[in-house]
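Descriptive structure summary
Chain by chain, the residues run as shown.
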Amino acid sequence: MNAVPAEASARLHDDRPGRGFQVRPGWDRRPGLLDSETAAITAIGPVGLRRSRAKGIPRRTARHWKAIARLVEPLDAARDALHHDDDPDFRRAGAHAAAIVLQQCADTGRSYWAWTSWDWARLCGSGAEEFLAARTLPTERTVRPFVVAMAYLAGGFTGFHYLGNFNRLHLACLVFGEEQVEASIAQAAGILDQWGYQNPLRVRHRLRGIFSQALLVNHSPRLQDLTSEAFEALRAHPANTGRYREMIYALQRACASLGYCDPPVRTGRNNAPGIDGTSPQWATWVERWHATSPLSPRVRATVRTIMAKAGRWLEAAHPEITEPGLWTRQTCASWVATVDHMCVGDYVQRHDHIQARAGKPILPRSKAHILGATRTFFRDLQEWEWIPRRFDPARALAVPRTVNALIGADPRVIADDVWAKLLWAGLNLEPGDLPGNSAGTYYPMELIRAITLTWLFAGLRSDEIHRLRVGCIRWQHDGQPIAGDSADVLADDAVCLLDVPVHKTGTAFTKPVDPMVGQAIDAWQTLRPAQPARIDRKTGRAVDMLFSVRAQPVARDYINHTIIPALCTKAGVPAADVRGNITSHRARSTIASQLYNAKEPMTLFELQAWLGHKDPATTQNYAKITPNTLTRAYTQAGYFARNIRTIEVLLDRDAVTTGAAADGQPWQHYDLGHGYCSYTFFEQCPHRMACARCDFYAPKDSSQAQLLEARGNLQRMLATIPLTDDERAAVEDGETALDALLARLTDIPTPAGATPHEIGSRPAVTLLPIIDVRQGKTG
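Since we're looking at a predicted model, the values are computed, not measured. (Residues numbered from 1 in each chain as written. Predicted model: local features only at pLDDT ≥ 70, side-chain atom pairs only at ≥ 80, totals over all residues. Heavy atoms only, no water.)

Remarks on the overall build of the chain
Along the chain, the regular secondary structure elements total 34 helices and 19 strands. Across the 779 residues in the chain, those meeting the buried criterion constitute 45%. In the chain, once contacts between residues fewer than 6 apart in sequence are set aside, the share between residues at least 24 apart is 65%. Only carbon and sulfur atoms are counted for the fraction: they give 52% of the accessible area of the chain, which is about 40200 Å². (Helix = DSSP H or I, 4+ residues; strand = E, 2+ residues; numbered from the N terminus. Buried < 20%, exposed > 50% of the residue type's maximum accessible area, 1.4 Å probe, protein only. Contact = heavy atoms within 4.5 Å. Areas by Shrake-Rupley, 256 points an atom, 1.4 Å probe, with all protein chains shown as cover.)

Shown next, in the form of structure tokens:
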């Protein structure tokens, strides 16, 4: 480019404060160098060119100097416009800088008016060492800033990215004056310091240099001249790339708060990429739905991505279908079958994030999400009457039963030992555990501790943590509200209440949390800098975000990308387990499951209210009964003890071995306590709990029972007897239930044929015992 573009030339002629240099209309700005001018510069020589200009010195009016007057006069005007102390060193540096420019004109055969940014950059060098090495005469380091200043004033040079690291603040002070620059810096610093920026724009802070560069590129030292258009030009300037853009973003926010420009808008990741791989008509329909749907931006983006995937499938399998209105039930059936057999990486636009997962079957829940998004898309188009109703999306695009059967509540709970270590790490978190730089952590440590403890103890979604508001903590003691700085806060029975904002499934609500959470949040609120109110994206209202600093909420992925890795490292646990990576949402499932399995557990409905769910079925996806809790509950239920009894039975081995048992001789004798029953099918006898003393019964004090016990060939064993409901009631409920059982059995025949009423004797009650059954050899 030419030395002074038209736009820059216009700015050079303005009357802004600090601008002492103006391009005069009478100056001869011919690009070429006359032979006489080259000869004059050669005759003066490098040493003569360096001689300081002073009034009344004849050599500056000599013939050779007159020959190069059109080159010398603008350089003298640029030197006069620079702001520096009246020190001989600075005057000498300015004279040497002008001499270097004039010598370069003679060497290149062109006037500096025709130099490009690269020409000026080569003269200034990419660093001080390179600049000094290129000089034929001894040169001081103070000369280079003066050369850059002349390049800026006389040549319109702003290619500062070519010059490497140099003091941009010193250059701005040379050009505009230190008072003007420092006044603008102080004005911006006051805003940024109020928002919580760590020592903004102070000595040796990089923001001072970037701010100075912004003033130089904008050709004005005044903050009010940094308009919205000026910031657009700053972002487009090649010198403002990389880390410079973040600083310019902060500077524009400060200027916007002062009313000088519009607030900045982050671009790039907020813009969804265009839909590729589909027919243009299908992409148009998808974009039209995306622009019309009232769903949240995140859900709309998900449906848009899935329908773009459906469009790529259509392009490959059904190229004749280019619009949603052409879909039929057959098309839906084909799409459902495709989703059922879909693998990771099928019909996607980007593959760089898939990596090793490519080719693996997608999960059943992912299949349900794809079909759900498709139903939403076609249902909306039909309800809006954009397409005819050719099928019912709820039926034609329903999730297959085989897929539904594989979807169930499976909370990704973190193991108790791992979670205990993460709790310890969070309670003992220090600045050295977090990534940072020489200035410390990116966020204040009080804010980091408050976020960490809220994640570990409050059971909130990451979005709810991100959107908590100032004053969300309230304290109660003995049922009465108390101030956060009251001594009652430290009492054991003090209650900390957390106000949760509107969330994805319901309205705002209040929940009790551990007092440590309230104390950490109160500590941060005490130090929190005043922040401008921000619009809550769910409610559309301007609110004071709790976790906000530098006029910006904490990054949405800060918990997942910074806090959790730091806690895992400090606790010495891996950042992933068999259920996947440890994420912010897994803490919600872990806390819910622990509350559900506590010694005095919360009920499902209490847990539903604490989590803020509308439907108890949703809570079941978070609360998981542990095996220990299930075992304890099963044992306490006493199912085996209530429904099964064991009874001792004597086996006559001789009767079995001699064949007498086959001839009808009794060989099993059940011990009833008061006698023996030789009925083989004792477990089926309705009178086993209240023996009617039929012919199979032998009292223990009878000679028959005594002879049986005297035998040496008996083997004692245990038999399990299942109980009926009446028998179990007789065991558990006592005399009344027992009398009812006896009354019911009065007319029921015994194994011998006669009923208890016909036998005439009162039945003997037999409470079958529970005998411990131990396996293994006896000692």
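A closer look at the nonpolar core
Tyr112, Phe160 and Leu251 are the most contacted members of the largest nonpolar core, which has 81 residues in total. In terms of nonpolar packing, the next biggest core, distinct from the first, is built from 57 residues, Ile414, Leu447, Ala587 and Ile591 among them. (Core = buried A, V, L, I, M, F, W, Y, C linked by side-chain atoms within 4.5 Å.)

Points about the packing of aromatic side chains
Pairs of aromatic rings are described using the distance from one ring centre to the other and the angle between the two planes. Going through the model one piece at a time under the given rule, you end up with 23 aromatic pairs. With a centroid separation of 5.8 Å and an interplanar angle of 70°, the aromatic rings of Trp419 and Trp455 are classed as edge-to-face. Of the two residues, Trp419 sits in helix α20 (residues 416–427) while Trp455 sits in helix α21 (residues 445–457), which places them 36 residues apart along the sequence. Across the pair, Trp455 and Trp419 agree in class, each one buried. Between Tyr443 and Tyr558, the ring centres sit 4.9 Å apart and the planes meet at 85°, which makes this aromatic pair edge-to-face. Here the residue Tyr443 occupies a position in the loop between β2 (440–441) and α21, and Tyr558 occupies one in helix α24 (residues 558–571), the gap between them amounting to 115 residues. (Phe/Tyr/Trp six-rings, centres within 6.5 Å; stacked < 30°, edge-to-face > 60°.)

Comments concerning the packing of helix α14 (residues 280–292) against helix α17 (residues 364–383)
A packed helix pair is summarised by two numbers, namely the angle formed by the two axes and the spacing between the axes. It is the contact of α14 with α17, at a shortest axis distance of 11 Å, that shows an interaxial angle of 80°. If you check the angle between α14 and α17, you find them roughly perpendicular. In contact with Trp282, Trp285, Val286 and Trp289 of α14, α17 contributes Thr376, Phe377, Phe378, Asp380 and Leu381. (Axes fitted to C-alpha atoms, helices over the stretch in contact; angles between N-to-C directions. Parallel < 35°, antiparallel > 145°, perpendicular 65-115°, else oblique.)

With respect to the environment of Pro756
Examined against the element boundaries, Pro756 turns out to sit in helix α34 (residues 756–759). C-alpha separation for the pair Pro756 and Cys694, spaced 62 residues apart in sequence, amounts to 8.1 Å.

Topic: α20
Compared with the 16 Å implied by 1.5 Å per residue over 12 residues, the 16 Å span of α20 between its first and last C-alpha is a close match. On its buried face, α20 is in contact with α21, α24 and α25 (584–596). (Expected span 1.5 Å × (residues − 1).)

Focus on the sheet that holds strand β3 (residues 473–477)
Pairing is antiparallel in the open sheet, where 4 strands are placed in the order β4-β3-β5-β6. Two strands lie at the open edges of the sheet, namely β4 (480–482) and β6 (509–513), each paired on one side alone. Each strand axis lies, on average, 40° off the axis of its neighbour in the sheet, ignoring direction. Where helix α23 (residues 515–527) meets the sheet, it contacts β3, β5 (495–500) and β6, and its direction lies at approximately 130° from that of β3. (Pairing = 2+ DSSP bridges.)

Quick word on the pattern of salt bridges
Under the definition given, this model contains 24 salt bridges. A salt bridge links Asp76 to Arg79, with the shortest nitrogen-to-oxygen separation between them at 3.7 Å. Residue Asp76 and its partner Arg79 are both found in helix α4 (residues 69–81); the two are separated by 3 residues, about one turn of the helix. Judged by relative accessible area, which is 15%, Arg79 ranks as buried. Note that Asp577 and Arg586 form a salt bridge whose closest N and O atoms lie 2.8 Å from each other. (Salt bridge = Lys/Arg side-chain N within 4 Å of Asp/Glu carboxyl O.)

Some thoughts on the pairing of β3
Judged by which residues are buried, β3 turns out to be one-sided: Ile473, Trp475 and His477 face inward and are buried, whereas Arg474 and Gln476, on the alternate face, are not. Here β3 pairs with β4 via 3 bridges, running antiparallel. What sits directly across from Trp475, in β4, is Ile482. Adjacent in sequence and paired antiparallel, β3 and β4 are bridged by 2 residues, among which Asp478 carries a positive phi angle near 55°.

So, the state of the cysteines
Here is the idea: a disulfide is a covalent bond, and it sits between the sulfur atoms of two cysteines. Overall, the coordinates contain 0 disulfides when judged by the stated rule. For Cys472, which is in no disulfide, the shortest distance to another cysteine sulfur is to Cys496 and amounts to 8.5 Å. Lacking any disulfide linkage, Cys694 is separated from the closest cysteine sulfur, that of Cys691, by 5.9 Å. (Disulfide = S-S within 2.5 Å.)

Some thoughts on the confidence of the model for the chain
Summing up the model confidence of the chain, the mean pLDDT is 82 and the portion of residues at 70 or higher is 84%. Below a pLDDT of 50 lies the segment residues 1–19, which in the model reaches 45 contacts outside its immediate sequence neighbourhood of four places, other chains included. Low confidence marks residues 54–58, where pLDDT is under 50. Its contacts with residues over four positions away, or in another chain, come to 1 contact. (pLDDT = per-residue confidence, 0-100.)

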